[in-house]
Amino acid sequence: MPDRLRVVVSGATGRMGRALAEMIEADDDLELLGGIGRTSYELGWATTVGFPAIEAPEEAEWLLRDCSAVIDFSSPELFRRLVASQRAHLAHCALVVGTTGLEQSDIDTLRDLAGTGPVLPAPNFSVGVNLMVALAEDAARVLGDDYDIEIVESHHRRKIDAPSGTALQLGRAAAAGRGVSLDDVRRDGRTGMAGEARLRGEIGFHAVRGGDVVGEHRVMFLGERERIELGHVAATRELFADGALRAARWLTGRSPGLYTMRDVLGLA
Ligand SMILES: NC(=O)c1ccc[n+]([C@@H]2O[C@H](COP(=O)([O-])OP(=O)(O)OC[C@H]3O[C@@H](n4cnc5c(N)ncnc54)[C@H](OP(=O)(O)O)[C@@H]3O)[C@@H](O)[C@H]2O)c1
């Protein structure tokens, strides 16, 4: 029997961390070595949330020494602490990053890490969303800027970043389909009397926050005579945990480099 994949989850005390712990424990091919959290926790408490141990990043060396893959669904702050304190140990594991709201300097950090180990960041690990990203790029290429693109996303009230990382990924794909950079055509929300109508080629973003919405995304292509929409509704967060575990399996043992879900799904 092949070795089990030994996994460490960063963001262990969060909703995604707990969902991952449950799924790893239920899978005979995976072993949950432990979790990383804001602080180190008493063993008893860690066990109640499904982890054999939870350590602060600065104390996590013993967990990382023996792991095959680290899966991070935490916050930019925790991610930064993990990299700052355990960079050398992270180089020996596959690193899957689902944390959103990362800044350009964090993306640069991920690129650096990819020089020493395999790294796969994704703002959304759902297979369906990653397919939708590819479809959005194709649709934007075929339809051109006669069709206005607006992206609408909804998430639960606790989400802190807006627009969502997935909405931006969809926007970047649509911009790439049109051969432009998203930074040059992005428009966040619309309010008041801006003094001019919608600019040709703009890609608009609208974020809805409330309740317990797991995640919904809609890309609208609005033409003069027709309207095309791509939509995705996430029903449970296990969807993302499942995709992250699929990514971790695929990534473990690969050469150093920066990979995407497109690589995992063969969509590249
Ligand atoms: N890529 C995807 O497919 C995908 C899907 C779902 C969610 N996400 C992203 O994954 C991340 C986690 O989501 P979630 O729903 O599990 O969030 P959550 O329930 O709020 O959990 C966040 C985790 O990060 C820790 N944390 C938060 N702020 C911190 C800080 N300032 N310093 C240190 N630790 C901190 C929390 O520790 P405490 O418990 O101590 O607060 C907890 O362990 C978010 O960025 C979310 O947008 C990505």
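Residues numbered from 1 in each chain as written. Predicted model: local features only at pLDDT ≥ 70, side-chain atom pairs only at ≥ 80, totals over all residues. Heavy atoms only, no water.

Caption draft 1: Highlighting the sheet that holds strand β5 (residues 94-97). Strand order in the open sheet made by the seven strands is β3-β2-β1-β4-β5-β6-β12, with parallel pairing throughout. Of all the strands in the sheet, just β3 (54-55) and β12 (257-258) have a single pairing partner and so form its edges. Pairing between strand β2 (residues 30-36) and β3: two bridges, direction parallel. Note on β3: the bridge partner recorded for Gly 35 is Ile 54. Helix α1 (residues 15-25) contacts β1 (5-10), β2 and β4 (69-72) of the sheet and is inclined by roughly 155° relative to β2. Against the sheet, helix α4 (residues 76-90) makes contact with β1, β2, β4 and β5, and its axis sits at roughly 170° relative to β4, the strand it touches most. (Pairing = 2+ DSSP bridges. Helix = DSSP H or I, 4+ residues; strand = E, 2+ residues; numbered from the N terminus. Contact = heavy atoms within 4.5 Å. Axes fitted to C-alpha atoms, helices over the stretch in contact; angles between N-to-C directions.)

Caption draft 2: Region of the structure containing empty space enclosed by the protein. Enumeration over the complete set of coordinates arrives at one cavity of 30 Å³ or more. Here the largest cavity defines a volume of roughly 40 Å³. In terms of lining, the largest cavity is formed by Leu 90, Ala 91, Cys 93, Leu 95, Leu 113, Thr 116, Gly 117, Pro 118 and Val 119. Residue composition of the lining of the largest cavity, grouped by class: seven nonpolar, two polar and no charged. (1 Å grid on protein atoms, 1.4 Å probe; cavity = no way out; pocket = protein on both sides within 12 Å on 5 of 7 lines; lining within 4 Å. Points joined across faces, edges and corners; volume = space filled by probe spheres on them. Nonpolar A, V, L, I, M, F, W, Y, C, P; charged D, E, K, R; others polar.)

Caption draft 3: View of the site of the ligand. In the vicinity of the ligand lie 22 residues, with Thr 13, Met 16, Arg 38, Thr 100 and Phe 125 positioned nearest. In this structure, an oxygen atom belonging to the ligand sits 2.6 Å away from a side-chain N or O atom of Thr 100. In this structure, an oxygen atom belonging to the ligand sits 3.3 Å away from a side-chain N or O atom of Lys 159. Coverage of the ligand by the protein amounts to 77% of the 930 Å² it exposes when considered alone. Listing elements by their share of the shell around the ligand, those giving two or more residues are α1 and α4. Here the shell around the ligand is composed, by residue class, of nine nonpolar, nine polar and four charged. (Near = heavy atom within 4 Å. Polar contact = N/O pair within 3.5 Å; in protein donor to acceptor, adjacent residues only side chain to side chain. Areas by Shrake-Rupley, 256 points an atom, 1.4 Å probe, with all protein chains shown as cover.)

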